[in-house]
Amino acid sequence: MQMYLDDQLLSTLKVPSGKTRLTVSDKACPGLSIEIRNPKGASWRIRYSYEKIQHCLTIGKASDLSLDEARQIGYAVKKLLTAKEDPSQILLQTSGHSCPTFSLFIEKNYLPHIRSYKRCVSADMTLLDNHLIPAFGHLKLNKIGRYQVVEFLQAKVRAGYKPGYCNRFLVLLSFCFNLALKWEIPGVKQNPVKGVDLLKNLNKTERYLQATEIQSLLNALEDSPNPLLKYFVPLALLTGARKRELLDARWSDINFESKVWRIPMTKSGRPLNVPLTPQAVCILLSLKEKLPLLLESVPKEGVEWVFTNPKTNRPFVSIFNAWNTARNKAGLSGLRIHDLRHSFASALVNHGVPIYDVQKLLGHQSIKTTERYSHLSPERLRESASAASVFYGNLLPHLV
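Residues numbered from 1 in each chain as written. Predicted model: local features only at pLDDT ≥ 70, side-chain atom pairs only at ≥ 80, totals over all residues. Heavy atoms only, no water.

1. Remarks on the overall build of the protein chain
Condition: Strands are runs of DSSP state E lasting at least two residues, helices are runs of H or I lasting at least four, and both sets are numbered from the N terminus onward. Throughout this description, buried means an accessible area under 20% of the type-specific maximum (1.4 Å probe, protein chains only), exposed means over 50%, and partly exposed covers the range between. Throughout, a contact is declared for two residues whenever any of their heavy atoms are within 4.5 Å.
When you go through the protein chain residue by residue, the secondary structure sums to 17 helices and 8 strands. In the protein chain, which comprises 400 residues, the share counted as buried stands at 42%. Partitioning the intrachain contacts of the protein chain with sequence separation of at least 6 by distance along the chain shows that 54% fall at a separation of at least 24.

2. With respect to empty space enclosed by the protein
Space left empty within the atom packing is revealed by a probe, the size of a water molecule, rolled over the atoms. Here is the rule we go by: The method works on a 1 Å grid over the protein atoms by themselves. A cavity is a set of points holding a 1.4 Å probe that cannot get out, a pocket is an open set with protein on both sides within 12 Å along at least five of seven lines, and residues with an atom within 4 Å of a point line them. Grid points are joined across faces, edges and corners, and a volume is the space filled by probe spheres set on the points. Residues are grouped as follows: nonpolar covers Ala, Val, Leu, Ile, Met, Phe, Trp, Tyr, Cys and Pro; charged covers Asp, Glu, Lys and Arg; every other residue, Gly included, is treated as polar.
Enumeration according to the criterion identifies 3 cavities of 30 Å³ or more in this entry. Counted as a void, the largest cavity has a volume near 60 Å³. Contributing to the lining of the largest cavity are Leu235, Thr239, Leu246, Ala249, Ile254, Trp261, Leu276, Leu284, Val306 and Phe307. For the lining of the largest cavity, a count of residues per class yields 9 nonpolar, 1 polar and no charged.

3. Remarks on helix H12 (residues 320–329)
Stated formally: Note: the arc covers the axis-to-C-beta directions of the helix.
Of the residues making up H12, those classed as buried are Ala322, Trp323, Ala326 and Arg327. Burial along H12 is one-sided: seen end-on, the buried residues are contained in an arc of 125°. Looking at H12, the residues exposed on the side facing more than 90 degrees away from the buried face are Asn321 and Lys329. Contacts from the buried residues of H12 go to helix H8 (211–221), helix H9 (229–239) and helix H13 (338–350). Where H12 ends, the next residue or the one after it, Gly331, has phi of about 75°, a positive value.

4. Examining the layout of surface pockets
Size it by volume and the second largest pocket reaches roughly 1200 Å³. Forming the boundary of the second largest pocket are 45 residues, of which Glu35, Arg37, Asp129, Ile133 and Pro134 lie nearest the centre. Here the lining of the second largest pocket takes 8 residues from helix H5 (residues 122–136), the largest share from any one element. A class-by-class count of the residues in the lining of the second largest pocket yields 17 nonpolar, 16 polar and 12 charged.

5. Digging into the sheet that holds strand S1 (residues 2–3)
Rules: For two strands to be treated as a pair, DSSP must find no fewer than two bridges joining them. Only the contacting stretch of a helix is used when fitting its axis, a line to C-alpha atoms as for every element, and angles between N-to-C directions run 0 to 180 degrees.
Spatially, S1-S2-S3-S4-S5 is the arrangement adopted by the 5 strands of the open sheet, whose pairing is mixed. Edge positions in the open sheet fall to S1 and strand S5 (53–61), since each of these has one partner strand only. The pairing of strand S3 (residues 32–37) with strand S4 (residues 41–50) spans 6 bridges and is antiparallel. Of the residues in S4, the one forming a bridge with Arg37 is Gly41. Packing against the sheet, helix H2 (residues 67–82) makes contact with strand S2 (21–26), S3, S4 and S5, and its axis sits at approximately 10° to S4.

6. With respect to a negative patch on the surface
Cut-off, in case you're wondering: Patch members must show over 30% relative accessible area and no salt bridge, and they are joined within 9 Å when carrying like charges or within 5 Å when they are nonpolar side chains of Val, Leu, Ile, Met, Phe, Trp or Tyr. To be clear on the numbers: accessible area is Shrake-Rupley with a 1.4 Å probe, and residue cover counts the displayed protein chains and nothing else. Between Lys or Arg on one side and Asp or Glu on the other, a salt bridge is scored when a side-chain nitrogen of the former is within 4 Å of a carboxyl oxygen of the latter. Under this rule, positive means Lys or Arg and negative means Asp or Glu; His and the chain ends count for nothing. Charged groups are reduced to one reference atom each: NZ for lysine, CZ for arginine, CG for aspartic acid, CD for glutamic acid.
Taken together, the side chains of Asp6, Asp7, Asp68 and Glu69 present a region of like negative charge at the surface. Of note, Asp7 is situated in helix H1 (residues 7–12).

7. Here's the deal with the pairing of strand S7 (residues 260–263)
Residue alternation in S7 divides its side chains into a buried set, Trp261 and Ile263, and an unburied set, Val260 and Arg262. Pairing analysis gives 2 bridges linking strand S6 (residues 254–255) to S7, with the strands arranged antiparallel. Bridging from a neighbouring strand, Ile254 pairs with Trp261 of S7. Where S6 folds back onto S7 in an antiparallel hairpin, the turn is made up of 4 residues, including Lys259, whose phi is positive at roughly 60°.

8. Focus: the nonpolar core
Where we set the bar: Throughout this description, the term nonpolar core refers to a set of buried Ala, Val, Leu, Ile, Met, Phe, Trp, Tyr and Cys residues connected via side-chain atoms within 4.5 Å.
Formed by 42 residues in total, the largest nonpolar core has its most connected members in Leu217, Phe232, Val233, Trp261, Phe307 and Leu340. At the level of elements, H8, H9, helix H10 (243–247), S7, strand S8 (272–275), helix H11 (278–294) and H12 are the ones that each hand at least two residues to this core. In terms of residue count, H9 provides more of this core than any other element does, 7 residues in total. Beyond its immediate sequence surroundings of up to four residues, Leu340 is in contact with Leu209, Leu217, Val233, Ala236, Leu237 and Trp323. Formed by 32 residues, the second largest nonpolar core is a distinct cluster that contains Leu127, Leu132, Ala135 and Leu170.

9. Let's talk about the packing of helix H4 (residues 102–115) against helix H7 (residues 163–182)
To keep it simple, the criterion reads: The scheme is simple: roughly parallel for angles under 35 degrees, roughly antiparallel for over 145, roughly perpendicular for 65 to 115, oblique for anything else.
Contact geometry of H4 with H7 gives a least axis separation of 11 Å together with a crossing angle of 85°. Of the possible angle classes, the one that applies to H4 and H7 is roughly perpendicular. Contact with H4, carried on its side by Phe102, Phe105, Ile106, Tyr110 and His113, involves Leu172, Leu173, Phe175, Cys176, Leu179 and Ala180 of H7 and no other residues of that element. Of the residues that constitute the contact of H4 with H7, the class distribution is 10 nonpolar, 1 polar and no charged.

As structure tokens, then:
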């Protein structure tokens, strides 16, 4: 919505019923808009394009910044763009000193940083755009304290968000402040998330496959309409790879001589060398032999992708329908593809593989991430507990 804004009009603007926010652009100052959110209030935003990149920054609350003041910033931004200069500098100056707002820090520093190494930033963008920026975007980094963080967290809990999801807010916010400290962003002296405990996730359920369940699933795959699914699932169980890593795998990434599959870019933004077991090599060789027979047409340059869609000669965009049919047929309706990765990790731990080896195999940067997968089976725990009997020997009386 575009209007010629004035103070009288601003006083009448309200979020429409059934909506969560209202955005009105100022015709008198292109790029300037006011965004009203319930119950957060109204904030001024500046939208502009610099070096072919679109930017949209919060410059202050409407309660702190008048219409005239917001327009002056907008005009200054336009003048800098005309001179082919970066407008973010004038936005820093308007904040009163060099400490940027959270919104400006995210746009100017954080996003360029994670885009330089992360394969996908959509998860971060969702948390930032929908939660963190609306709450903290207008605040300067040195004005965000532990109290504001706790208040934000409690509000999300009251709104019905699950503990696990709320913890993602804290982890991302803490990471942002750690980077600000590392880069010595002016005015940032501490991380306000430090000392705020993660919420206990008592409802969290962990899922890994038992031997009988694996057999049921493999049997169900034999009749799958997707002929590649019966290769995909065993490879997922034998490598612990993520769904997209497997679906995007190229034959050129697999070295059969050294028995290593190189993933050029993982979720963490790093390459990973996955050792291939004899069973995994056997499955891959079988798939390589039969794949050309499954394709509707074989490309002249040869088959590039390990899991080539027979209809498009490109990687599968999704395999959910075939997967859903197979898991339901096996009586495992709640099983996710990611649980195959979990099962791989659990199998390693239950056979005595050190947790640090599991971390390397999964490609985790933090051992804490790996520990989520390391759940010992009851059988393994009983075997461990039996060591007490061996140690005590005949010291304890035998009860009949």
